[in-house]
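# What the coordinates show
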Amino acid sequence: DDSFYKYFNRRQFRRAKPALGEKVYAEFGFGNIMQTVDIYDLSRGGASFYVPPDLAQQLEIDMPVKLVLRVPKTDYTLVHYAIIRHVTPDSRGFRVGVSMEVINERGSKRAIRKGIAAYWDYLQSRIAEMDRYNSAYN
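Notes on the structure in this doc start here. For every chain, the first residue of the written sequence is number 1, and numbering continues from 1 onward in sequence order. The predicted origin of the model limits local features to residues at a pLDDT of at least 70 and limits the giving and counting of side-chain atom pairs to 80 or more, whereas totals for whole chains, interfaces and linings rest on all residues. As a rule here, side-chain values come from all non-hydrogen atoms in the structure, and water together with hydrogens is ignored.

### Details of the overall build of the chain
- Helix numbers and strand numbers start at the N terminus; a helix is a DSSP run of H or I with at least 4 residues, a strand a run of E with at least 2. Along the backbone of the chain there are 2 helices and 6 strands.
- Of the regular secondary structure in the chain, the N- to C-terminal order runs β-β-β-α-β-β-β-α.
- In this scheme, a residue with accessible area under 20% of its type's maximum is buried, one over 50% is exposed, and one in between is partly exposed, where area comes from a 1.4 Å probe on protein chains only. Taken across its 138 residues, the chain has 36% of its residues classed as buried.
- In what follows, a contact means two residues having at least one pair of non-hydrogen atoms within 4.5 Å. Counting contacts in the chain only where the partners sit at least 6 residues apart, residues at least 24 apart contribute 56% of the total.

Have a look at this one:
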């Protein structure tokens, strides 16, 4: 039932936050708008990031958007077809959550596969680092 969505994590994959001191940015767009956004967390099938209030007012749940993400610590860039899942105000502004999948908008299939593999490696290494930290201090 839709009324339970706010109580449960709908992500299929584990989330990874950028390392302390590391900033991950993406290009987020729809229509003729393209904005650089600060990534809050990532997973294989989604991401969340912050947008300014004027942009948040233009977003709707289930709205299709584009998210262009440069894979951290690599030269790969992945273009994602994304769907807005939530727009939530918090102390830092408006956090937007999207589900996403890679699309072949530019580059060869081989380059995209390598980019996806690099992205998954990055996520796995961040999750492992987060797990090590949590086990050491909890």
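### A closer look at the sheet that holds strand β3 (residues 46–51)
- Here the rule is simple: two strands pair whenever DSSP picks up at least two bridges between them. Spatial strand order, β1-β2-β3-β6-β5-β4: 6 strands in a closed barrel with antiparallel pairing. With direction set aside, neighbouring strand axes in the sheet form an average angle of 45 degrees.
- Taken together, the 6 bridges between β3 and strand β6 (residues 93–103) define a ladder with antiparallel strand orientation. The residue bridging Tyr50 from the neighbouring strand is Arg95, located in β6. A fitted line through C-alpha atoms serves as each axis, taken over the contacting stretch for helices, and the angle formed by two N-to-C directions is quoted from 0 to 180°.

### Notes on the pattern of salt bridges
- A carboxyl oxygen of Asp or Glu within 4 Å of a side-chain nitrogen of Lys or Arg is what we treat as a salt bridge. By the definition in use, this model includes 6 salt bridges.
- The salt bridge partner of Asp41 is Arg15, with a shortest N-O separation of 3.6 Å. In this pair, Asp41 sits in strand β2 (residues 33–43) while Arg15 sits in the segment before β1 (25–30), placing the two residues 26 residues apart along the sequence.
- Several salt bridges share partner residues, and in doing so they unite Lys23, Asp38 and Arg92 into one network.

### Some thoughts on the packing of aromatic side chains
- Each aromatic pair joins two rings of Phe, Tyr and Trp (for Trp, the six-membered one) with centres within 6.5 Å, and gets the label stacked for planes under 30 degrees apart, edge-to-face for over 60, and tilted for any other angle. For the coordinates displayed, the defined rule picks out 3 aromatic pairs.
- With a centroid separation of 4.9 Å and 50 degrees between ring planes, the pair formed by Phe28 and Phe49 is classed as tilted. Placement of Phe28 in strand β1 and of Phe49 in strand β3 is noted, with a sequence separation of 21 residues between them. The same class applies to Phe28 and to Phe49, which are both buried.
- Each ring, one from Tyr40 and one from Tyr50, has its centre 6.0 Å from the other, and the planes form 85 degrees; the classification is edge-to-face. Of this pair, Tyr40 sits in strand β2 while Tyr50 sits in strand β3, and the two are 10 residues apart along the sequence.
- Tyr40 sits in the partly exposed class, given a relative accessible area of 22%.
- Here, a charge over a ring means that NZ of Lys or CZ of Arg falls within 6 Å of the ring centre while also lying within 35 degrees of the ring normal. In this structure, Arg44 packs its charged tip against the face of Trp120, placed 3.8 Å from the ring centre.

The values are spatial; any link to function lies outside them.
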